[in-house]
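The chain contents come next:
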Protein chains: 2
Amino acid sequence: MSAASIKEVARHAGVSLGTVSNVLNRPNNVAPATRQRVLDAIAELGYVRNDSARQLRAGQSRTIAIVVLDVANPFFTDVVRGAEQVVEEAGAMLVVCNSGEDSARERRHLELLEEQRVRGVLITPVGHGRQPNLGRLHNRGIPVVLVDRGSGRASRCSVAVDDVLGGRLAMEHLLDQGHRRIAYLGGPFSIPQVADRHAGAAAALAERGPAAELRVAPTTNLTVAAGRRAAEELLTLPVRQRPSAVFCANDLIALGVLQELTGRGLRVPDDVAIVGYDDIEFADAAAVPLSSVRQPREQLGRTAAQLLLEEAEAGESHRHRHVVFQPELVVRRSSDRR
Amino acid sequence: MSAASIKEVARHAGVSLGTVSNVLNRPNNVAPATRQRVLDAIAELGYVRNDSARQLRAGQSRTIAIVVLDVANPFFTDVVRGAEQVVEEAGAMLVVCNSGEDSARERRHLELLEEQRVRGVLITPVGHGRQPNLGRLHNRGIPVVLVDRGSGRASRCSVAVDDVLGGRLAMEHLLDQGHRRIAYLGGPFSIPQVADRHAGAAAALAERGPAAELRVAPTTNLTVAAGRRAAEELLTLPVRQRPSAVFCANDLIALGVLQELTGRGLRVPDDVAIVGYDDIEFADAAAVPLSSVRQPREQLGRTAAQLLLEEAEAGESHRHRHVVFQPELVVRRSSDRR
DNA sequence: ATAACTTCCTAAAACGTTTCACACGCTCGC
DNA sequence: GCGAGCGTGTGAAACGTTTTAGGAAGTTAT
């Protein structure tokens with residue numbers, strides 16, 4: 001009942017053990033009549049392959065892991081969905097691990113994955129310095145692809161989105177709409193994404209708007225509450241100095257700003273225009289639909305998985321690649337002063 | 001480099017293979033000096049256990065799977081986080097699989113999991129009829145716990161939330177606020193949750209509000225867009241027949257309603273009060289913070305994992321249990337007519 | 001001095017699969 | 001009629017671990 005092995009199937013079908021294996025893996029090498037006898041035996045006994053034995057023999061597993069910073073973050077769930085498509089298509093299995101931005105948990109996961117001899121790992125590593133946890137995998141010859149982290153290192157592949165460009169797109173749009181006093185809301189700047197998006201906005205301003213001004217209103221983190229606080233602070237400014245538009249480092253901040261401003265009786269976009277970042281599902285569902293910079297999240301996952309499979313196939317001959325995607329501005333009512 | 005086995009460690013340390021195994025699994029049975037020699041060898045060779053071999057020998061794996069309908073749904077991601085805590089504490093590993101509400105994908109995942117000889121499966125199955133996919137696992141003796149699905153069957157454990165009670169809580173709250181003309185927005189009623197929540201609301205009305213009225217405005221699904229359409233329809237009613245409050249089958253619908261109503265110049269909660277269901281993260285961040293019925297999502301996951309581990313331990317002596325949690329009403333501004 | 005215990009270690013078997021070398025019986029082509 | 005080649009099947013080895021029975025010393029009790 002619980003565990004029929006290939007051996008019992010063989011006995012049942014009156015063939016040798018190797019023949020059963022052939023039916024499973026190279027059916028064309030087995031005469032139709034024999035094949036059918038074996039298949040019948042399999043069905044009758046409810047035989048199911050034992051993957052441990054198979055892997056042990058093969059020396060490698062068919063599973064690929066993705067280690068994310070937060071399973072509950074819409075960004076990562078979409079990346080996972082993208083990776084899933086590619087991995088399943090290749091007949092492999094994707095397991096999702098959650099580091100929760102905790103380096104110790106990340107390490108523990110990677111150790112377990114190493115014991116399982118995973119085929120490869122997609123990961124957005126915790127922190128942004130050296131990655132000792134990843135070094136071990138590398139020594140072991142397990143392919144690693146960095147997700148949403150550009151890699152200076154030539155020793156592994158990476159996929160990321162051009163956040164500088166994203167900042168630029170948002171800023172150019174606001175300039176096009178005629179805004180000349182604009183605020184950037186986001187923080188902390190130690191997060192590469194926050195810094196890059198600001199850099200892009202600043203660059204666009206330098207090129208395009210000699211007469212315009214970009215004020216930075218740093219936030220402690222990227223939450224709705226932080227956005228609300230930042231908006232409160234903007235409202236303390238004399239009306240003439242108040243920005244006519246804000247560009248937020250992510251959508252959560254933008255939603256907080258939107259909420260605070262409308263709560264205080266200001267109209268969006270007429271009094272203040274808002275552009276967010278990420279284009280999360282609720283950007284479109286906000287009280288005033290939110291303009292936002294969209295990242296190709298699923299594609300990020302798909303591409304990362306493809307690079308990984310490619311590397312796993314190619315082995316030594318593989319050349320590492322760094323793919324950078326371009327974000328896209330989605331204009332909605334919050335910044336559309338018609 | 002790539003694969004040092006126990007055998008090489010043994011040779012390196014000048015001991016037998018069994019001794020190395022003892023160092024790994026029963027260190028106290030090994031003399032300190034020998035133990036140290038072995039540990040040094042392990043470190044030097046970068047030895048990592050091969051889990052396939054270990055499992056093959058043990059006949060069972062240490063991984064537990066959770067199969068969800070949608071990895072991107074905040075409800076499930078929270079359940080996953082809860083399950084994760086318990087599973088990791090037990091030294092096991094949780095793998096997350098996504099059925100995407102597709103029965104074929106669900107089956108394929110379960111087959112792979114069966115091949116891996118998983119220790120157990122937490123699952124919210126696709127559909128609500130018979131579950132042939134689950135029957136196979138059961139025959140094989142793999143414990144299964146149903147998540148967010150009450151189970152009539154005594155053959156497995158389940159954890160769920162009392163949706164009837166949730167509907168009742170929402171309704172009683174609205175009645176307490178003095179509302180007498182109330183609408184229930186949600187659909188399709190083939191989804192157990194939608195039907196249960198309505199049943200609870202209806203029951204509360206029957207008991208408490210002899211003079212009140214509950215109008216049902218069915219929707220095609222549970223999205224923001226559906227909520228917006230339903231709100232439009234409500235607005236076609238003559239003002240005197242218009243409900244003064246709406247109870248929505250989930251928060252997405254509620255957000256759609258909120259958006260449409262405020263867009264048309266109505267005030268929430270003064271003109272119309274709104275209560276949603278699920279208490280998703282954005283309920284609190286909406287333009288008017290949304291009252292909602294909160295489900296103990298993480299606890300759902302934790303409990304499910306505990307039941308599973310318990311069953312996996314106990315084996316035959318295990319008695320199946322059905323745990324039902326109580327939801328909780330979170331009152332915010334959208335229904336608080338101060 | 002011997003038996004009975006410990007303590008520490010070894011050798012070998014087993015888990016279920018895949019693969020490889022080979023054997024058997026045919027049919028061809030010459 | 002004979003080697004070559006093909007199609008089909010067999011048996012054994014190997015993957016790396018855990019476990020079990022037991023052996024070789026050393027210690028204690030008699």
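What you see is a predicted model, and the numbers here were worked out from it, not measured in a lab. (Residues numbered from 1 in each chain as written. Chains lettered and ligands numbered in written order. Predicted model: local features only at pLDDT ≥ 70, side-chain atom pairs only at ≥ 80, totals over all residues. Heavy atoms only, no water.)

Chemist: What is the right way to read the pattern of salt bridges from this model?
Modeler: Oppositely charged side chains can form a pair if their charged atoms are brought close together. One pass over the full model with this rule turns up 42 salt bridges over all chains. One salt bridge in this structure joins A:Asp51 and A:Arg62, with 3.1 Å as the shortest N-O distance. One end of the pair, A:Asp51, is in helix α4 (residues 51-58); the other, A:Arg62, is in the loop between α4 and β1 (63-68), with eleven residues separating them in the sequence. Owing to a relative accessible area of 28%, A:Arg62 belongs among the partly exposed residues under this scheme. Between B:Arg136 and B:Glu114 there is a salt bridge, with its nearest N and O atoms 3.4 Å apart. Note that B:Arg136 is positioned in helix α7 (residues 132-140) and B:Glu114 in helix α6 (residues 103-115), a separation of 22 residues in sequence. The exposure class of B:Arg136 is partly exposed, given its relative accessible area of 40%. Among the charged side chains, a salt-bridge network with shared partners connects A:Asp70, B:Asp78, B:Arg81, B:Arg297, B:Glu298 and B:Arg302. (Salt bridge = Lys/Arg side-chain N within 4 Å of Asp/Glu carboxyl O. Helix = DSSP H or I, 4+ residues; strand = E, 2+ residues; numbered from the N terminus. Buried < 20%, exposed > 50% of the residue type's maximum accessible area, 1.4 Å probe, protein only.)

Chemist: Teacher, can you tell me more about the environment of A:Arg229 here?
Modeler: Inspection of the secondary structure assignment puts A:Arg229 in helix α10 (residues 224-235). On the basis of relative accessibility, which here comes to 45%, the residue A:Arg229 falls in the partly exposed class.

Chemist: How should I be thinking about the packing of aromatic side chains in this particular structure?
Modeler: What describes a pair of aromatic rings is the distance from one ring centre to the other and the angle between the planes of the rings. Residue and element names in this part refer to chain A. As enumerated under the stated definition, the model contains nine aromatic pairs over all chains in all. Here Tyr184 and Phe247 contribute two aromatic rings whose centre-to-centre distance is 5.4 Å and whose plane-to-plane angle is 55°, an arrangement assigned as tilted. In this pair, Tyr184 is assigned in strand β6 (residues 181-186) and Phe247 in strand β8 (residues 245-248), connecting sequence segments 63 residues apart. Among the residues examined, Tyr184 registers a relative accessible area of 0% and is labelled buried. Across from the ring centre of Tyr277, 3.7 Å away, lies the NZ or CZ of Arg197, which sits over that ring. (Phe/Tyr/Trp six-rings, centres within 6.5 Å; stacked < 30°, edge-to-face > 60°. Lys NZ or Arg CZ within 6 Å of the ring centre and 35° of its normal.)

Chemist: Explanation requested: the side chain of B:Gln193 in the structure shown.
Modeler: Among the structural elements, B:Gln193 can be located in helix α9 (residues 192-208). Those residues in contact with B:Gln193 that sit more than four places away from it in its chain are B:Asp148, B:Arg149 and B:Asp163. (Contact = heavy atoms within 4.5 Å.)

Chemist: It is not clear to me how the protein's contact with DNA strand C should be interpreted in this structure. Could you clarify?
Modeler: Around DNA strand C, a shell composed of 21 residues is seen, among which A:Ile6, A:Tyr47, A:Arg57, B:Thr19 and B:Thr34 lie nearest. Taking the atoms of DNA strand C that fall within 4 Å of the protein, sugar and phosphate contribute 71% of them. Between A:Asn50 and DNA strand C, the recorded distance is 3.4 Å, taken from a backbone N or O atom to a phosphate oxygen. Among the elements of the structure, α2 (17-25) and α4 of chain A together with α4 (51-58) of chain B are those that each provide at least two residues to the surface near DNA strand C. (Near = heavy atom within 4 Å. Polar contact = N/O pair within 3.5 Å; in protein donor to acceptor, adjacent residues only side chain to side chain.)

Chemist: Teacher, can you tell me more about the UniProt feature "domain: HTH lacI-type" (unreviewed entry) in chain A here?
Modeler: Annotation from UniProt places "domain: HTH lacI-type" (unreviewed entry) at residues 4-58 of chain A. Between the first and last C-alpha atoms of residues 4-58 of chain A the distance is 21 Å; the span itself is 71% helix and 0% strand. (UniProt positions renumbered as here; feature names shortened; annotations may be inferred.)

Chemist: I'm lost on the sheet that holds strand β5 (residues 157-161) of chain A in this one. Help?
Modeler: In sheet architecture, strand pairing relies on hydrogen bonds along the backbone and comes in two forms, parallel and antiparallel. All names here are of chain A. Strand order in the open sheet made by the six strands is β2-β1-β3-β4-β5-β11, with parallel pairing throughout. Edge strands, defined here as strands with exactly one partner in the open sheet, are β2 (93-98) and β11 (322-325). Adjacent strand axes in the sheet meet at a mean angle of 15° when their direction is disregarded. In this sheet, strand β4 (residues 144-147) lies alongside strand β3 (residues 120-123) in parallel orientation, the contact comprising three bridges. The residue bridging Ile123 from the neighbouring strand is Leu146, located in β4. Packed on one face of the sheet, helix α5 (residues 74-89) meets β1, β2, β3 and β4 and runs near 160° to β2. Relative to β5, helix α12 (residues 297-314) is tilted by about 170°, and along the sheet it contacts β1, β3, β4, β5 and β11. (Pairing = 2+ DSSP bridges. Axes fitted to C-alpha atoms, helices over the stretch in contact; angles between N-to-C directions.)

Chemist: What's the story with the side chain of A:Ser158 in this structure? I'm lost.
Modeler: Residue and element names in this part refer to chain A. Note that Ser158 resides in strand β5. With a relative accessible area of 2%, Ser158 lands in the buried category. A polar side-chain atom of Ser158 sits 2.9 Å from a polar atom in the side chain of His322.

Chemist: Where do I start with the protein's contact with DNA strand D in this structure?
Modeler: Near DNA strand D there are 21 residues, and of these A:Thr19, A:Thr34, B:Ile6, B:Tyr47 and B:Arg57 occur at the shortest range. For DNA strand D, the fraction of protein-proximal atoms (within 4 Å) that sit in sugar or phosphate groups is 69%. Between DNA strand D and A:Thr19 there is a distance of 2.6 Å, counted from a phosphate oxygen to a side-chain nitrogen or oxygen. Of all the elements in the fold, those that place two or more residues in the surface near DNA strand D are α4 of chain A together with α2 (17-25) and α4 of chain B.

Chemist: Teacher, can you tell me more about helix α5 (residues 74-89) of chain B here?
Modeler: An α-helical segment advances 3.6 residues per turn. Residues three or four places apart therefore align on the same side. With 16 residues, α5(B) extends 23 Å between its outermost C-alpha atoms, agreeing within 8% with the 22 Å of an ideal straight helix rising 1.5 Å per residue. Looking only at α5(B), the buried set comprises B:Phe75, B:Phe76, B:Thr77, B:Asp78, B:Val79, B:Val80, B:Gly82, B:Ala83, B:Glu84, B:Val86 and B:Val87. (Expected span 1.5 Å × (residues − 1).)

Chemist: What is the right way to look at the environment of A:Glu311 in this model?
Modeler: Residues and elements named next belong to chain A. Within the fold, Glu311 resides in helix α12. What makes Glu311 buried here is its relative accessible area of 12%. Between the C-alpha atoms of Glu311 and Asn73, which are 238 residues apart in sequence, the distance is 28 Å.

Chemist: Is there a simple way to explain α6(B) in this structure?
Modeler: Residues and elements named next belong to chain B. Helix length check: α6 (13 residues) gives 18 Å between terminal C-alpha atoms against 18 Å at 1.5 Å per residue, within 8%. Its side-chain oxygen at 2.8 Å from the backbone nitrogen of Ala104, Asp102 defines the N-terminal cap of α6. One or two positions beyond α6, positive phi appears at Arg117, with a value near 55°.

Chemist: What's the story with the interface of chain B and chain A in this structure? I'm lost.
Modeler: Accessible area lost when the parts come together is the quantity often used to give the size of an interface. Residue-level contacts link 55 residues of chain B with 55 residues of chain A. Carbon and sulfur atoms supply 52% of the area that chain B and chain A bury against each other, a total of about 4600 Å² over both sides. Here chain B and chain A share six salt bridges between them. Across the chain B-chain A interface, the total number found is 20 residue pairs in polar contact (both at pLDDT 80 or more). Of all elements in the fold, only α4, α5, β2 (93-98), α6, α7, α10 (224-235) and α11 (251-263) of chain B reach the threshold of two or more residues within the side of chain B that touches chain A. Here the element with the most residues in the side of chain B that touches chain A is α6(B); it accounts for seven residues. Within the side of chain B that touches chain A, the residues separate by chemical class into 25 nonpolar, 13 polar and 17 charged. (Buried area = accessible area lost by both parts, 1.4 Å probe. Nonpolar A, V, L, I, M, F, W, Y, C, P; charged D, E, K, R; others polar.)

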